[in-house]
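Each chain is listed here by its residues.
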Amino acid sequence: MIKTCISKDWKLHAPGINGVKSIDLPNDYSVTLPRSANAPGYGANGFFNGGRGYYSKFINLDAEPKHYILDIDGAYACAEIKFNEYVMAIHPHGYSPFLVDLTKRAHFGEINKIQIMTDDMQPSTRWYSGAGIYRDVFMWEGGDIRIEPWDVFVTTPTLDSVNAAYEISADRDSSVTLRAEIVDADGKAVASAECAVDVKAGAKTPANLSFKLENAKLWDTENPYLYTLNSTIIENGAAIDTATTDFGVRTISADAENGLLLNGKQIKLRGGCIHHDHAVLGAADYPAACRRKLTKLKESGFNALRIAHNPPSLQLLEMCDRMGIIVMDEAFDMWSQQKNPRDYHLWFNDWWARDISYMVMRDRNHPCVISYSIGNEIPQSNGSSDGAELSAKLAAEVRKYDDTRLVTSATFWIDANPEWCDEEEYKNKFHERFNKTPDSWFERTKDYYAPLDICGYNYMYTHYEKSHELFPNRVIWGSETHAINFYDSWQSVLRNNYVLGDFTWTAYDNLGETGTGRSCWARDGHIPGISLAGYPWRSCYQGDLDLCGYRRPQSYFRETVWIGGTEPKIFTTHPEHYGEGFSGTGWHWYDVLDSWTFEDKYLGKPVKCEVYTDADEIEWLLNGKSLGRSKPEKAIATFDIPYEKGEITAITYKNSAECGRSSLHTVGAPAAVTVTPETDTLKADNRDLCYFDITVVDANGDRVPDAKNALTCLVDGGELMGIFSGDPKNEDQYGSNDCHAFEGRAVAIVRSTTPGKLTITVGGAGINSGKAEIEKI
């Protein structure tokens, strides 16, 4: 069948829109609505408002009757699809893809009307969901004998063989030939096969082809090579249908003795969990936004992602295929027991099997996907109700469509919250919170985990060894872990083959789950454990990267522990907090900043400085004078330095030889804004995006790391999609021309419909404006 993207030229009526507005997909009509403290989704949804959206589009169909299938990659939520005024389907799940056969109600040779209604159904989520058709929509067109979407399944049982399983749909009986060839990345045919197939009217007829692939180039995280399978149905010597399927040659296996093997070689997963939003864009999954997020994560050291807690977009998987990022593909955040009053538990019993089929059948050709998760922190997983029975049913349903990948699920145990304590004691106290899992937990979860290939442990790294003693064949991964105790959790991964890797919560900051990564100094009270923060918090503030994609301190710490040999980044605690008690949710990081600029009243006062490094020792200098050396403990070296304007330097040594150095210096007051495009050109298709990095600088052009200036953005020759910062809790209105800088930075996003020049100007009161120009093509 021929696949066409039909994301352009839709009409939308939704909250915040007077009448009807012309839009292109993807679209999230929630993210630009004014937030409020009493929004129905509250902090879980970032205090964003929503409601129902009504989309419509007119399409012309050929006069010759064809078969038409609508392909919706994601719509939040409870989508109702009409075609020419007939209700064709409903789809409660807000994230799983789905197909709608339109053929029965098609008006051939005429204009046809598609209508899609969405309802975000708040409170329905534990993180920002967005609202609307936030992913692309496609139309598939084929004849009366065809290969329908998701009906080709390519596997590579060995590194020199390829199998392709087909289901061929037909509206009439016929004898046809199925012919396919594999082409490499240069378009060269490297293998071919064919077979005769007798298709039956009204049925899907199975067919299978096998290929020998000599000297195949393999897919892995460093060299993600892709082949293409081109399939053709031939009747009476003429091609009547085609299908194109990209795939990678790779094998995966996992066991307690050898760990995770990719192409026969052990790999440890340097993983992170991500939600689906793109900050100021909301849930709208523009290709440029998705690619940028994945690129930044890969550059920060991640080789694996857990898509939490829902199926990802198709384009994310396609990009992970090309970038070499391993994916844990997840179906559900709840089953039949609710986590919110209006969440998926209302539909689970009737829909779980369908939604698993949609996820697995769409995603099973992607080499990046190595595992399917049937659920996250399911209440029934702790041995109650029908958890074990459902675990077996869901795992079997996954394997019905794909038995080549590993099935998993994540659960956890949490006991009491830690007591308040000072900064040094807090980390140890937090460890104790997750060191109280009773032996009964292992017994209660035994049957739930039994059908699974990998057992996901959330925040339970201190129990890996105990688990192995009780279940020596069990394979584990840290399906969620904390940044604050990452050093220890990663050591547990490295020393145990049966632990495949670690997925930090989270890799990239997301909207909603407000303030669950916050911390607190003693003067402001204490935080006894995780909880949602009130308005105006907007994001969780747990990510290694902030909302803008700028790396936070823990990102550099993680890269040091994972990879080592990195630049020794320096961070400081503000001298006003020297020696002060400190607490946080447990999903927080230390309150540090890459700054050596403080008020004059702190001259001579001690400043706690830290550097993240795998070196043997660090020499500390102040204005060129050596102050002494310190040794890192669990990859963090600290030193107290009396504040003096100028420059501090950290020099790292390994085996007595210098292996790196970095510095921080005192900067002046905010004086100007710099604007730097991340790409030089922009496709003028109303779809491509250009991101601009915005920095508040002093008179010397140095970033002012604590600047929070109010900024205004003007765009000539394009549309401003948003200007925003990484601040997790301000009241800036998304979709406006204004924002406040956070840690001296912000980001603007633009798009355009016309070729030519695009100019962006950003400024604020009392500082010089910055300007940048790009070419639109």
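Just so it is clear, the model here is predicted, and its values are computed rather than measured.

## Let's talk about the overall build of the chain
And then number 1: Looking only at helices and strands, the chain features 9 helices and 47 strands.
And then number 2: Oriented by its inertia axes, the alpha-carbon framework of the chain measures out at about 90 × 65 × 50 Å.
And then number 3: Counting the 777 residues in the chain, one finds 62% classified as buried.
And then number 4: Sequence-distant contacts, at least 24 apart, represent 71% of the contacts inside the chain between residues at least 6 apart.
And then number 5: Accessible area of the chain: about 28900 Å², with a carbon and sulfur share of 47%.

## A word on the environment of G43
And then number 1: Here G43 is to be found in the loop between β3 (21–23) and β4 (52–60).
And then number 2: Contacts of G43, omitting those with residues within four sequence positions, involve G512, E513, T514 and L532.

## Topic: the sheet that holds strand β14 (residues 174–183)
And then number 1: One open sheet holds the 4 strands; their spatial order is β15-β14-β17-β18, and the pairing between them is antiparallel. A strand with exactly one partner marks an edge of an open sheet, and here the two such strands are β15 (189–199) and β18 (238–247). Sheet twist, expressed as the average angle between the axes of neighbouring strands with direction ignored, equals 20°.
And then number 2: As defined by bridge partners, β14 adjoins β15 across 10 bridges and the pair is classed as antiparallel. Its bridge partner being in β15, S174 is matched across the sheet by V199.

## Description of the environment of A196
And then number 1: Mapped onto the fold, A196 is located in strand β15.
And then number 2: Since its relative accessible area comes to 71%, A196 is described here as exposed.
And then number 3: Each C-alpha atom, one on A196 and one on L178, is 6.2 Å from the other, the two residues being 18 residues apart in sequence.

## Notes on the packing of aromatic side chains
And then number 1: Under the criterion given, the structure shown has 45 aromatic pairs.
And then number 2: Centre to centre, the rings of F724 and Y734 are 6.4 Å apart; their planes meet at 75°, and the pair counts as edge-to-face. On the criterion of sequence distance, the pair formed by F724 in strand β43 (residues 719–724) and Y734 in the loop between β43 and β44 (738–740) is long-range, its members being 10 residues apart.
And then number 3: Judged by its relative accessible area of 2%, F724 is buried.
And then number 4: Among the aromatic side chains, those forming a connected cluster through ring pairs are F302, F486, W490, W521, Y556, F557, W562, F571, F582, W589, Y590 and Y612.
And then number 5: One residue, R551, lies across the ring of Y556, its end atom 4.2 Å from the ring centre.
And then number 6: When the ring centre of Y550 is taken as origin, the NZ or CZ atom of R745, which lies over that ring, is 4.5 Å away.

## Examining the pairing of strand β25 (residues 369–376)
And then number 1: Counting buried residues along β25, 8 of its 8 residues qualify, which places the element largely inside the surrounding structure.
And then number 2: In this structure, strand β24 (residues 326–330) lies alongside β25, joined through 4 bridges in parallel fashion. Opposite E330, over in β25, you have S373 as the bridge partner.
And then number 3: Pairing of β25 with strand β26 (residues 406–411), which is carried by 4 bridges, proceeds in the parallel orientation. Its bridge partner being in β26, N376 is matched across the sheet by A410.
And then number 4: Chirality of the crossover, the property in question, places the unit of β25, helix α4 (residues 387–401) and β26 among those that are right-handed.

## Focus on the pairing of β18
And then number 1: Across 9 bridges, strand β17 (residues 227–235) lies against β18 in antiparallel orientation. Bridge assignment links I233 to a residue of β18, and that residue is D241.
And then number 2: Between the antiparallel neighbours β17 and β18 lie 2 residues, among them N236 with a positive phi of about 55°.

## Quick word on the packing of helix α1 (residues 287–299) against helix α2 (residues 314–323)
And then number 1: The N-to-C vectors of α1 and α2 enclose an angle of 40°; their axes lie 10 Å apart at closest approach. Comparing their axes, α2 and α1 come out oblique. For α1 against α2, the interelement crossing comes out right-handed. Between α1 and α2, the contacting residues are P287, C290, R291, L294, T295 and K298 on the first element and Q315, L316, M319, C320 and M323 on the second.

## Quick look at the sheet that holds β24
And then number 1: If you walk around this closed barrel you meet the 8 strands as β22-β23-β24-β25-β26-β27-β28-β29, and the pairing is parallel. Averaged over neighbouring strand pairs, the angle between their axes works out to 25° when direction is ignored.
And then number 2: With 4 bridges connecting them, strand β22 (residues 269–274) and strand β29 (residues 499–504) associate as parallel partners. Across the sheet, residue L269 finds its bridge partner in β29, namely G501.

## Some details on helix α6 (residues 439–449)
And then number 1: When α6 is considered as a whole, its buried residues turn out to be W441, F442, T445, Y448 and Y449. When α6 is viewed along its axis, its buried side chains cluster within an angular range of 115° and face the same direction. Residues D439 and E443 are exposed on α6 and point more than 90 degrees away from its buried face.
And then number 2: The elements touched by buried residues of α6 are α4, β26, β27 (454–458) and α7 (464–470).

## Side note on the pattern of salt bridges
And then number 1: Summed over all chains, the structure comprises 43 salt bridges.
And then number 2: Between K8 and D24 there is a salt bridge, with its nearest N and O atoms 3.3 Å apart. One end of the pair, K8, is in the loop between β1 (2–5) and β2 (10–13); the other, D24, is in the loop between β3 and β4, and 16 residues separate them in sequence.
And then number 3: Residue classification places K8 among the partly exposed positions, given a relative accessible area of 39%.
And then number 4: For D24, a relative accessible area of 14% gives the class buried.
And then number 5: Overlapping salt bridges, with partners in common, bring together R146, E148, D151, D171 and K204 in one network.

## Description of the packing of helix α8 (residues 486–495) against helix α9 (residues 553–562)
And then number 1: Packing of α8 against α9 leaves a shortest axis separation of 11 Å and a crossing angle of 30°. Put simply, α8 runs roughly parallel to α9. Here α8 runs over α9; the crossing is right-handed. Only F557, R558, V561 and W562 of α9 make contact with α8, whose side of the interface consists of F486, Y487, W490 and Q491.
And then number 2: Of the residues that constitute the contact of α8 with α9, the class distribution is 6 nonpolar, 1 polar and 1 charged.

## What about unusual backbone geometry?
And then number 1: Here the residue pair L25 and P26 is connected by a cis peptide bond, since its omega of 5° sits within 30 degrees of zero.
And then number 2: Along the chain, the position of P26 falls in the loop between β3 and β4.
And then number 3: That bond from Y76 to A77 is cis: its omega, -10°, falls within 30 degrees of zero.
And then number 4: Relative to the elements of secondary structure, A77 occurs in the loop between β5 (67–72) and β6 (79–83).
And then number 5: A positive phi angle is found at N655, which is not glycine, with a value near 55°.
And then number 6: Structurally, the position occupied by N655 is in the loop between β37 (647–654) and β38 (657–665).

## Some details on the side chain of N84
And then number 1: Looking at where N84 falls in the secondary structure, it is placed in the loop between β6 and β7 (86–91).
And then number 2: Exposure remark for N84: the relative accessible area of 10% places this residue in the buried category.
And then number 3: One polar contact links the side chain of N84 to the main-chain carbonyl oxygen of R105, over a distance of 2.8 Å.
And then number 4: With near-sequence residues (within four places) excluded, N84 lies in contact with R105, A106, H107, I111, N112 and K113.

The rules behind the values
- Residues numbered from 1 in each chain as written.
- Predicted model: local features only at pLDDT ≥ 70, side-chain atom pairs only at ≥ 80, totals over all residues.
- Heavy atoms only, no water.
- Helix = DSSP H or I, 4+ residues; strand = E, 2+ residues; numbered from the N terminus.
- Buried < 20%, exposed > 50% of the residue type's maximum accessible area, 1.4 Å probe, protein only.
- Contact = heavy atoms within 4.5 Å.
- Areas by Shrake-Rupley, 256 points an atom, 1.4 Å probe, with all protein chains shown as cover.
- Pairing = 2+ DSSP bridges.
- Axes fitted to C-alpha atoms, helices over the stretch in contact; angles between N-to-C directions.
- Phe/Tyr/Trp six-rings, centres within 6.5 Å; stacked < 30°, edge-to-face > 60°.
- Lys NZ or Arg CZ within 6 Å of the ring centre and 35° of its normal.
- Right-handed = clockwise from strand over helix to strand, strands pointing away.
- Parallel < 35°, antiparallel > 145°, perpendicular 65-115°, else oblique.
- Left-handed = near helix turned anticlockwise from the far one by under 90°.
- Arc of directions from axis to C-beta.
- Salt bridge = Lys/Arg side-chain N within 4 Å of Asp/Glu carboxyl O.
- Nonpolar A, V, L, I, M, F, W, Y, C, P; charged D, E, K, R; others polar.
- Polar contact = N/O pair within 3.5 Å; in protein donor to acceptor, adjacent residues only side chain to side chain.

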